[in-house]
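So you can see what is in the structure, the chains are spelled out below.
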Amino acid sequence: MYPSKPIRAFALSTLSAGLVLAHQSAFAATQEMDTVVISASGTEHTQMTAPAFTTVIDADALRDNPTESVADLVSRSAGVINTTDSAGRDEVRMRGLDAGYTLILVDGRRISSGNALWRGGDFDFSAVPRASIERIEIVRGPMSSLYGADAMGGVINIITKKGAQDWDTNVDVVYEHITEGEEGDQFRTNLSTAGSLTDNLYLRLSGEFYNRDAWYINDADTVPEREEKKARNLSGSLSWDLDERQTVNADLMINHDERPYDNYASGSYREQEIERTTYALSHEGNWDWGRTLLSVNYEDGEIDDYNSRYPDPKQRNLEETNLTLSGNASMNLGIHGLSMGYEYRNQEVSDKVAFTQSGSSDASQQALFMQDEMQLTDKLRLTLGGRYEDHDDFDGEFTPRGYLVYELNNAVSIKGGVSKAYKAPRPHQIIEEYQIVSCGGSCFIPGNPDLTPETSVNYELGIETRATNWRMSAVVFRNDVEDMITATYDAATQSRAWVNLNEVQVTGLEVEGQVDLNRVLSLDAAYTYMDTEENGDAELAFRPRHKLNAGLNWQATADTGLRLGVDYFGEQKNWDNEAQSAYTLVSLTANSRVAPDLTLRGGINNLTDVDLNDDDDDYYSNVVGRSVYVGLSYDF
């Protein structure tokens, strides 16, 4: 099977145009400084040479519109969409696959308490204080050969700041008021400080305080369109340079996320609270022969979950601990850039109600991986990698990957490859005694020990281009997923069961770019075309065929900038295979440095006050009404 003719034609024309433009400008302008990424291969690359298509969100973008969540910012990228659920909880989907198929990392380490609360959890996207984030790297497409299970759609790596020699402290506050509907205001405060304690000891501490009121479309409503939320997050990092070759890092992250008691559906009430502490210790070595990294990461999470739809007891307590030990080494041998490593993970999930017999589950898995980045010629690099992962509950899984990068000239790279990925069943899906409530509280879904991992094969081909005043990337891809796990429903017995049933194919085109129109105007955009197919027939629900995120940026003065943003979501199907209308959101933001250390921010979100409830369409997501915000950032 191949992509449809319209997709192939559009993709080929886009790639051809990009090649011609880039080739013509390659020697007419000096190449601009390219962004460095590490998540695509575990080693440093520029976006031009990385063996994957990536997007990088820097600290400035995080500050420009501080009311947007990390999930909202990530969804501006090609191939990524944030489809919030009926309560306004974030569900980031990459390349058409559900949120559970995207692996979220913090400094390359998994965060995974979402496994304990198997549905409706969006804690991971708000766990890291925004002031502590240096950048966010997004790798689109399967990365199981490097990171193992759950990286079938892609990887989001949140990279935090480290202390430096000079002390730097920042306070950032923002207040947002929703002008339409009732309530919904939010207030966020961030504080971060970093610097050196001695000549070889560096510290960074960051904290975040976030309050958000529930938002209702009108004062007669009893069920909010966006739930109330309170979050308190603390992050710290201590780095010790043992000598010129060795560094020891100790990291701590504490999260407290609360969703207070309230209606979430007519006559149904819910309250949830998560507390999670993560400890990490690592050793980095930079030797004559190569580099090494040894690390241990321990995560302890607890979730209190109340739901009036649960059979007694309606109050549930879930606990999850994750221990990860890993070590890897990289070195250059002739034309080979070799990386190899070992990883051990142990996960224990405790739920005395859902685990009807034992009260908990414990599983371990270990993996070996190897990667060879071969510099075949001055312009051609071949990356071959593979990972073998052995799990307590099913047979081992091998996920290979092959990727070619050809640098046509110093401004153009042609890239493409094939990769295999897999996703392991979660504890609630595979353990027979586990009983999860479903059917609105009237039935259970038991675990199925006969489940096998979901697998996929991804193909992609595209270009990366860079010049002094513009950049662009374009990639056409296809992802074939087999044995996708779904919950079936038997109307006769009114029961549900987990089965390996679905086969999904996602084909698409992703284009990202930025151009300086003149000295004060610039335009950036990210476009995605996606064609989905489930079991050879139906289209996947809530996947817009077209998505465009664009912004016109005006540097009005040396210290003041404005941005007009447009987010277009094309027609999509709902669960009944009915078409939903397209819609467009518009935002306006302003940033002004009024003093050397003080920046003021303000803006309007959903400028045209789009309300999806005005249409007859049964939208899955909701959109918050028009809002205005003000904020400031102070450095000292």
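Residue positions are given per chain, counting from 1 as you read along its sequence in written order. Only residues with pLDDT of 70 or above have their local features reported here, since the model is predicted, and side-chain atom pairs are shown and tallied only from 80 upward, although totals for entire chains, interfaces and linings are computed over all residues. The side-chain values count all of the structure's non-hydrogen atoms but skip hydrogen atoms and water molecules.

Overview of the overall build of the chain
Secondary structure elements follow DSSP: runs of H or I of four or more residues count as helices, runs of E of two or more count as strands, with numbering from the N terminus. Along the chain, the regular secondary structure elements total five helices and 37 strands. Only C-alpha atoms enter the radius of gyration; for comparison, a globular chain is expected to reach 2.2 Å times N to the power 0.38, where N is the number of residues. A globule of 636 residues ought to have a C-alpha radius of gyration of about 26 Å, and the chain, at 24 Å, matches this closely. Its C-alpha atoms put the chain at 70 × 60 × 55 Å along the principal axes. Expressed as a percentage of its 636 residues, the buried residues of the chain come to 55%. Only heavy atoms matter for contacts: two residues are in contact if any of them lie within 4.5 Å across the pair. Considering only residue pairs separated by 6 or more positions, the chain has 61% of its internal contacts joining residues 24 or more positions apart. Surface exposure of the chain reaches about 27,300 Å², of which carbon and sulfur atoms provide 54%. In the chain, 53 side chains carry a positive charge and 102 a negative one; their mean positions are 4 Å apart. Relative accessible area decides the class of each residue, using a 1.4 Å probe on protein chains only: under 20% of the type maximum gives buried, over 50% gives exposed, and in between gives partly exposed. Throughout, the Shrake-Rupley method with a 1.4 Å probe supplies accessible areas, and for residues the shown protein chains are the sole cover considered. Positive: Lys, Arg. Negative: Asp, Glu. His and the chain ends are not part of the count. Charge positions are represented by NZ for Lys, CZ for Arg, CG for Asp and CD for Glu.

Description of the pattern of salt bridges
Just to be clear on terms, a salt bridge is a Lys or Arg side-chain nitrogen sitting within 4 Å of an Asp or Glu carboxyl oxygen. Taken as a whole and judged by the stated rule, the model has 36 salt bridges. In this structure, Arg93 and Asp98 form a salt bridge, with 3.3 Å as the shortest nitrogen-oxygen distance. Taking the relative accessible area as the measure of exposure, Asp98 reaches 34% and is therefore partly exposed. A salt bridge links Glu397 to Lys420; the shortest N-O distance between them is 3.7 Å. With Glu397 in strand 23 (residues 394-409) and Lys420 in strand 24 (residues 412-423), this residue pair connects regions lying 23 residues apart in the sequence. When its relative accessible area of 12% is taken as the criterion, Glu397 is described as buried.

Some details on the confidence of the model for the chain
You can read pLDDT as the predictor saying how much it trusts each residue, on a scale of 0 to 100. Confidence along the chain averages 89 in pLDDT terms, with 93% of residues attaining 70 or more. Mean pLDDT in the chain bottoms out at helix 1 (residues 5-25), which sits at 43, and peaks at strand 31 (residues 546-554), which reaches 97. For the stretch residues 5-32, pLDDT sits under 50, and the model shows 48 contacts to residues farther than four places along the chain or on other chains.

Thoughts on the environment of Val173
Examined against the element boundaries, Val173 turns out to sit in strand 10 (residues 168-178). Taking the C-alpha atoms as reference, Val173 lies 8.6 Å from Val630; in sequence the two are 457 residues apart. Other than its neighbours up to four places away in sequence, Val173 contacts Arg188, Thr189, Val630, Gly631 and Leu632.

Focus: unusual backbone geometry
The linkage connecting Asp312 with the following residue, Pro313, adopts the cis geometry, with an omega of 0 degrees. Inspection of the secondary structure puts Pro313 in the loop between strand 18 (291-307) and strand 19 (315-333). At Asn577, a position not held by glycine, the phi torsion is positive, near 65 degrees. Its place among the elements puts Asn577 in the loop between strand 33 (572-573) and strand 34 (579-580). The backbone of Asp609 sits at a positive phi, close to 55 degrees, despite the residue not being glycine. Within the secondary structure, Asp609 sits in the loop between strand 36 (598-605) and strand 37 (627-635).

Focus: the side chain of Ser237
Within the fold, Ser237 resides in strand 15 (residues 229-241). Contacts described as polar in this section are N or O atom pairs within 3.5 Å, which, within protein, must combine one atom able to donate a hydrogen with one able to accept it, while residues neighboring in sequence count only if both atoms come from side chains. Among the polar contacts listed, one links the side chain of Ser237 to the side chain of Lys162, at a separation of 3.2 Å. Ser237 has contacts with Lys162, Tyr202, Leu203, Arg204, Ala250 and Asp251, leaving out every residue within four places of it along the chain.

Brief notes about the sheet that holds strand 7 (residues 109-110)
Strands sit in the order 3-8-9-6-7 across an open sheet of five strands; the sheet is mixed. Since the sheet does not close on itself, it has two edges, and those belong to strand 3 (53-58) and strand 7, each with one partner. Strands were regarded as paired on the criterion that DSSP finds at least two bridges between them. Pairing of strand 6 (residues 102-106) with strand 7 involves two bridges; the strand directions are antiparallel. Counted as the bridge partner of Val106 is Arg109 from strand 7.

Quick look at the nonpolar core
Core analysis: the largest hydrophobic core is formed by 20 residues, its most contacted members being Val74, Val92, Phe125, Ile133, Ile136, Ile138 and Ile156. Looking at this core element by element, the count peaks at four residues for helix 3 (residues 70-74). When near neighbours in sequence (up to four residues on either side) are disregarded, Ile133 contacts Ala59, Leu62, Val70, Val128, Ile158, Ile159, Thr160 and Lys161. The next biggest cluster of nonpolar side chains, apart from the first, holds 16 residues, and it includes Phe355, Phe394, Ala424 and Ile485. Residues enter a nonpolar core if they are buried and are Ala, Val, Leu, Ile, Met, Phe, Trp, Tyr or Cys, with the set joined through side-chain atoms within 4.5 Å.

Focus on the packing of aromatic side chains
Working definition: rings of Phe, Tyr and Trp (its six-membered ring) pair if their centres are within 6.5 Å, and the pair is stacked with planes under 30 degrees apart, edge-to-face with planes over 60 apart, and tilted otherwise. What the rule picks out here adds up to seven aromatic pairs. Measuring from centroid to centroid gives 5.9 Å for Tyr261 and Tyr306, while their planes differ by 45 degrees, and the two rings are tilted. Separated by 45 residues along the polypeptide, Tyr261 in strand 16 (residues 246-265) and Tyr306 in strand 18 bring together distant segments of the chain. For Tyr261, a relative accessible area of 46% translates into the label partly exposed. Ring centres 5.0 Å apart and planes at 25 degrees place the aromatic pair Phe569 and Tyr583 in the stacked group. Pair noted here: Phe569 is in strand 32 (residues 560-569) and Tyr583 is in strand 35 (residues 583-595), with a separation of 14 residues, a long-range link. Using a relative accessible area of 12% as the deciding quantity, one classes Tyr583 as buried. A connected cluster of aromatic rings, assembled from ring pairs, spans Tyr261, Tyr269 and Tyr306. For the cation-ring pair, Lys415 lies above Phe53, with the distance from its terminal atom to the ring centre recorded as 4.7 Å. The positively charged end of Lys423 is found above the aromatic ring belonging to Tyr101, 5.3 Å away from the centroid. By definition here, charges over rings are those cases where NZ of Lys or CZ of Arg is within 6 Å of the ring centre and within 35 degrees of the ring normal.

Some points on the pairing of strand 15
Every other side chain in a regular strand lies on the same face of the sheet, so the side chains alternate between the two faces. Where strand 13 (residues 201-212) and strand 15 come together, twelve bridges link them in antiparallel fashion. The residue bridging Phe209 from the neighbouring strand is Arg232, located in strand 15. Bridge count between strand 15 and strand 16: twelve bridges; the pairing is antiparallel. Bridge pairing in strand 16 places Leu238 opposite Ala250.

Considerations on the side chain of His283
Among the secondary structure elements, His283 is positioned in strand 17 (residues 268-286). Within the local environment of His283, its side chain forms a polar contact with the side chain of Gln246, the two groups lying 2.9 Å apart. His283 has contacts with Leu242, Gln246, Thr247, Val248, Thr292, Leu293 and Leu294, leaving out every residue within four places of it along the chain.

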